[in-house]
Amino acid sequence: MPFAAIDLGATSGRVILGRVGPDHLVLDEVHRFANTPVRLPTGLHWDVLALFRESLDGLRLAARAGDGVTSVGIDSWAVDYGLLDADGALLGIPHHYRDSRTEHVAGRVRDDIGPQELYGVTGLQHLPFNTVFQLAAAREGAQFAAARTLLMIPDLLTHWLTGDIGAEETNASTTGLFDARTATWSEELLGRLGIERGLLPPLRRPGTHAGTLLPHVAAYTGLPADTAVVTVASHDTASAVAAVPATGPHFAYISCGTWSLAGLELQAPVLTEASRLANFTNERGIDGTIRYLRNIMGMWLLEECRRTWEQRGEGLPLQELLAAAAAAEPFAALIDPDDPGFLAPGDMPARILAFCLRTGQRPPQSHGAVVRCILESLALAHRRTLREAAELAGRDIHRVHLMGGGSRNELLCRFTADATGLPVVAGPTEATALGNILVQARAHGAVGDGPDGLAAMRALVAATQPLRTYEPAADGRAWDAAAARLAEFGAARRP
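Since the structure is predicted, the reported quantities are computational estimates derived from the model, not experimental observations.

### Regarding the overall build of the protein chain
1) Next: Within the protein chain, the regular secondary structure consists of 19 helices and 21 strands.
2) Next: Computed over C-alpha atoms, the radius of gyration of the protein chain comes to 22 Å, within 12% of the 23 Å expected from 2.2 N^0.38 for 495 residues, which places it in the range of a compact globule.
3) Next: Dimensions along the principal axes, computed over C-alpha positions, put the protein chain at roughly 60 × 55 × 50 Å.
4) Next: Sorting the 495 residues of the protein chain into buried and exposed places 59% on the buried side.
5) Next: Once local pairs closer than 6 in sequence are excluded, the contacts in the protein chain between residues at least 24 apart make up 74%.
6) Next: When the accessible area of the protein chain is evaluated, it comes to approximately 18500 Å², of which 53% is carbon and sulfur surface.
7) Next: Where the 43 positive side-chain charges of the protein chain centre and where its 55 negative ones centre are 3 Å apart.

### Digging into the confidence of the model for the protein chain
When pLDDT drops low, the exact placement of atoms in the prediction is not to be read closely.
1) Next: Taken as a whole, the protein chain shows an average pLDDT of 95; of its residues, 98% reach a score of 70 or greater.
2) Next: Throughout residues 491-495 the model reports pLDDT below 50, and contacts reaching past four residues in sequence, or to other chains, amount to 16 contacts.

### Looking at the packing of helix H2 (residues 105-113) against helix H4 (residues 131-138)
1) Next: Where H2 contacts H4, the axes come no closer than 9 Å and their chain directions differ by 100°. Put simply, H2 runs roughly perpendicular to H4. Along its contact with H2, which presents Val105, Ala106, Val109 and Arg110, the element H4 presents Phe133, Ala136 and Ala137.
2) Next: A breakdown of the residues in the contact of H2 with H4 according to their chemical character gives 6 nonpolar, no polar and 1 charged.

### Details of the pairing of strand S8 (residues 149-152)
Walk down a regular strand and you will see the side chains alternate between the two sheet faces.
1) Next: Covered by surrounding structure in S8 are Thr149 and Leu151 together with Leu150 and Met152, the residues of both alternating faces.
2) Next: Bridge count for strand S7 (residues 81-84) against S8 is 4 bridges, and the pairing is antiparallel. Bridge pairing in S8 links leucine 83 to leucine 150.

### A few points about the state of the cysteines
1) Next: The tally for this structure, following the rule as stated, stands at 0 disulfides.
2) Next: Residue cysteine 373 stays outside any disulfide, its sulfur separated by 5.1 Å from that of cysteine 356, the closest cysteine.
3) Next: Between cysteine 413, a free cysteine, and cysteine 256, which holds the nearest cysteine sulfur, the sulfur-to-sulfur gap is 7.8 Å.
4) Next: A relative accessible area of 0% places cysteine 413 in the buried class.

### Some details on empty space enclosed by the protein
1) Next: Tallied over the full model, the rule gives 3 cavities of 30 Å³ or more.
2) Next: As a volume, the largest cavity reaches approximately 120 Å³.
3) Next: Along its surface, the largest cavity is lined by 15 residues, and Arg110, Leu118, Leu124, Gln125 and His126 are the ones closest to its centre.
4) Next: Counting residues per element, the lining of the largest cavity draws most heavily on helix H3 (residues 115-122), which supplies 4 residues.
5) Next: When grouped by side-chain class, the residues that make up the lining of the largest cavity number 7 nonpolar, 6 polar and 2 charged.

### Some details on the sheet that holds strand S17 (residues 281-284)
What holds strands together in a sheet is hydrogen bonding between their backbones, with the strands either parallel or antiparallel.
1) Next: Read from one edge to the other, the open sheet built from 7 strands follows the order S17-S18-S16-S15-S19-S20-S21, with strand pairing classed as mixed. Either end of the sheet is taken by a strand with one partner, and the two such strands are S17 and strand S21 (468-470). The mean inter-strand angle of the sheet, taken between neighbouring strand axes irrespective of direction, is 30°.
2) Next: The pairing of strand S15 (residues 251-256) with strand S19 (residues 399-403) spans 5 bridges and is classified as parallel. Directly across from alanine 252, in S19, lies its bridge partner valine 400.

### Observations regarding helix H6 (residues 153-162)
1) Next: In terms of burial, H6 is a largely internal element, 10 of the 10 residues being buried.
2) Next: For H6, the complete set of buried residues consists of Ile153, Pro154, Asp155, Leu156, Leu157, Thr158, His159, Trp160, Leu161 and Thr162.
3) Next: Phi for glycine 163, located one or two positions after H6, is positive at around 80°.

### Some remarks on the nonpolar core
1) Next: By size, the foremost hydrophobic cluster in this structure holds 107 residues, and its most contacted members are Leu157, Leu161, Leu301 and Ile352.
2) Next: Element by element, the count of residues in this core is highest for helix H15 (residues 367-393), at 12 residues.
3) Next: Ignoring any residue separated from it by four or fewer positions in sequence, one finds leucine 157 in contact with Leu8, Val48, Phe52, Ser55 and Ile74.

### As for the sheet that holds strand S14 (residues 228-231)
1) Next: What the 6 strands build is an open sheet, ordered S3-S2-S1-S6-S14-S13; its pairing is mixed. Whereas interior strands pair on both sides, the edge strands pair on one side only; in this sheet they are strand S3 (24-34) and strand S13 (208-212). Within this sheet the neighbouring strands show an average axis-to-axis angle of 25°, counted without direction.
2) Next: In the sheet, strand S1 (residues 2-8) pairs with strand S6 (residues 71-75) via 4 bridges, with the strands oriented parallel. Among the inter-strand pairings, alanine 4 is bridged to a residue of S6, identified as valine 72.
3) Next: Packing against the sheet, helix H17 (residues 431-443) makes contact with S1, strand S2 (12-21), S3, S6 and S14, and its axis sits at approximately 140° to S1.
4) Next: Its contacts with the sheet put helix H18 (residues 453-464) on S2 and S3, and the angle it makes with S3 is roughly 85°.

### Here's the deal with the packing of aromatic side chains
1) Next: Under the counting rule described, the total for this entry stands at 12 aromatic pairs.
2) Next: For the pair phenylalanine 52 and tryptophan 160, a centre-to-centre distance of 5.3 Å together with 65° between the ring planes defines the contact as edge-to-face. On the criterion of sequence distance, the pair formed by phenylalanine 52 in helix H1 (residues 48-63) and tryptophan 160 in helix H6 is long-range, its members being 108 residues apart.
3) Next: According to the relative accessible area criterion, tryptophan 160 is buried, its value standing at 17%.
4) Next: Relative to tryptophan 259, the ring of tyrosine 97 lies with its centre 6.4 Å away and its plane at 50°, an arrangement referred to as tilted. Placement of the pair is tyrosine 97 in the loop between S7 and H2 and tryptophan 259 in strand S16 (residues 259-266), with a sequence separation of 162 residues.

Basis of the calculations
- Residues numbered from 1 in each chain as written.
- Predicted model: local features only at pLDDT ≥ 70, side-chain atom pairs only at ≥ 80, totals over all residues.
- Heavy atoms only, no water.
- Helix = DSSP H or I, 4+ residues; strand = E, 2+ residues; numbered from the N terminus.
- Rg over C-alpha atoms; globule rule 2.2 N^0.38 Å.
- Buried < 20%, exposed > 50% of the residue type's maximum accessible area, 1.4 Å probe, protein only.
- Contact = heavy atoms within 4.5 Å.
- Areas by Shrake-Rupley, 256 points an atom, 1.4 Å probe, with all protein chains shown as cover.
- Lys, Arg positive; Asp, Glu negative; His and termini not counted.
- Charge placed at Lys NZ, Arg CZ, Asp CG, Glu CD.
- pLDDT = per-residue confidence, 0-100.
- Axes fitted to C-alpha atoms, helices over the stretch in contact; angles between N-to-C directions.
- Parallel < 35°, antiparallel > 145°, perpendicular 65-115°, else oblique.
- Nonpolar A, V, L, I, M, F, W, Y, C, P; charged D, E, K, R; others polar.
- Pairing = 2+ DSSP bridges.
- Disulfide = S-S within 2.5 Å.
- 1 Å grid on protein atoms, 1.4 Å probe; cavity = no way out; pocket = protein on both sides within 12 Å on 5 of 7 lines; lining within 4 Å.
- Points joined across faces, edges and corners; volume = space filled by probe spheres on them.
- Core = buried A, V, L, I, M, F, W, Y, C linked by side-chain atoms within 4.5 Å.
- Phe/Tyr/Trp six-rings, centres within 6.5 Å; stacked < 30°, edge-to-face > 60°.

Following this line, the structure appears as structure tokens:
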């Protein structure tokens with residue numbers, strides 16, 4: 001059966017056609033396009049109309065692929081949203097989560113409600129761009145006053161495809177308005193924040209039928225008018241975790257792209273004070289599972305360095321940079337990837353230099369040394385996060401699954417294995433699209449359902465996708481010393 005996944009990332013989007021059967025799972029990328037933010041006088045925004053147009057163009061190419069499309073599913077990054085007025089029209093252009101409008105808002109909200117109370121309801125990692133803080137920043141504006149419906153980005157595009165209104169729960173759970181204990185919108189928090197309950201649509205779970213294509217969408221794409229749109233795990237990390245090729249319970253995952261999302265899959269949230277202080281998040285996964293994880297600034301650091309070097313005329317192919325990094329001095333300089341100074345777009349090499357000077361280190365002197373600094377620091381952040389998650393959740397970890405674009409980076413995979421002291425299984429690269437497609441396939445009976453449905457999905461990924469295992473080095477003392485050194489810089493920051 002063929003299924004179309006619209007997979008929107010923070011820097012690019014793709015439309016991927018997946019064919020699923022009892023013993024095969026094949027992906028075909030039919031369209032790829034840039035996702036380039038736009039800076040306006042009102043701040044940094046997503047070009048959401050361009051994303052929708054490119055998605056439609058991708059569906060048109062999928063329709064021409066020859067063997068039909070059973071259904072369509074959409075996933076994207078989390079926390080960002082669009083507002084609709086009473087007529088269903090989009091109010092303004094959705095803000096980008098890296099926009100500076102929330103810089104001083106998060107503290108005020110936490111002061112008003114209390115960080116313990118906020119965490120006790122939502123279980124969310126404190127990130128200044130969480131939806132709840134974005135709404136607090138927008139609350140006094142004209143657009144918010146006119147708003148009647150809030151839709152997260154995948155829900156907004158689903159609405160434009162089908163006319164349907166709903167809120168998929170894996171993405172809803174990232175907003176700071178969702179009760180991690182009851183898996184419902186939090187009436188208590190909405191009241192405290194002065195947000196009308198009617199602004200938030202009814203919740204729906206992954207695998208729900210969201211409607212069929214509107215006539216003009218069907219006409220443009222060439223797909224039949226009765227083509228179904230299925231609500232998948234619309235937060236891209238939730239889709240990626242659904243495709244972890246794990247064969248047992250004692251695994252950790254790192255979904256590594258622009259961000260590194262590192263953590264565990266649990267059956268219930270961890271809402272303890274120790275978990276809050278460690279800044280772990282409890283987000284919904286497929287089948288009611290909990291993604292217990294921490295967001296780590298991921299390959300964004302490297303990509304921003306590359307962008308800066310390109311602008312200076314110093315750009316090098318990625319493989320040359322990685323070769324230079326492999327040859328550079330180990331642990332010459334280390335950074336905390338989650339230092340707030342690394343969040344916004346800009347001159348990343350200069351910020352790394354500033355961090356090193358501030359912490360009494362000699363800054364890296366070459367592009368290769370900068371890349372090694374980033375990759376070693378990310379591996380140490382993976383180590384710290386997974387060890388803390390295991391302790392807080394009372395779980396043992398036997399292996400780590402590193403998925404997404406970062407799984408192609410052999411140096412990062414090897415460093416992560418050495419730093420954690422655990423085998424790292426790299427792949428699949430297209431974990432998010434695989435999870436998107438597998439949820440659609442399960443909704444149509446093309447892959448196992450019932451209590452063992454998730455295990456069947458993962459077994460199919462393990463059997464059909466290329467994977468590579470990196471064993472840790474026998475002696476991890478150098479990584480222990482590096483971790484201790486990084487801790488001295490205040491890397492294990494607390495909210």
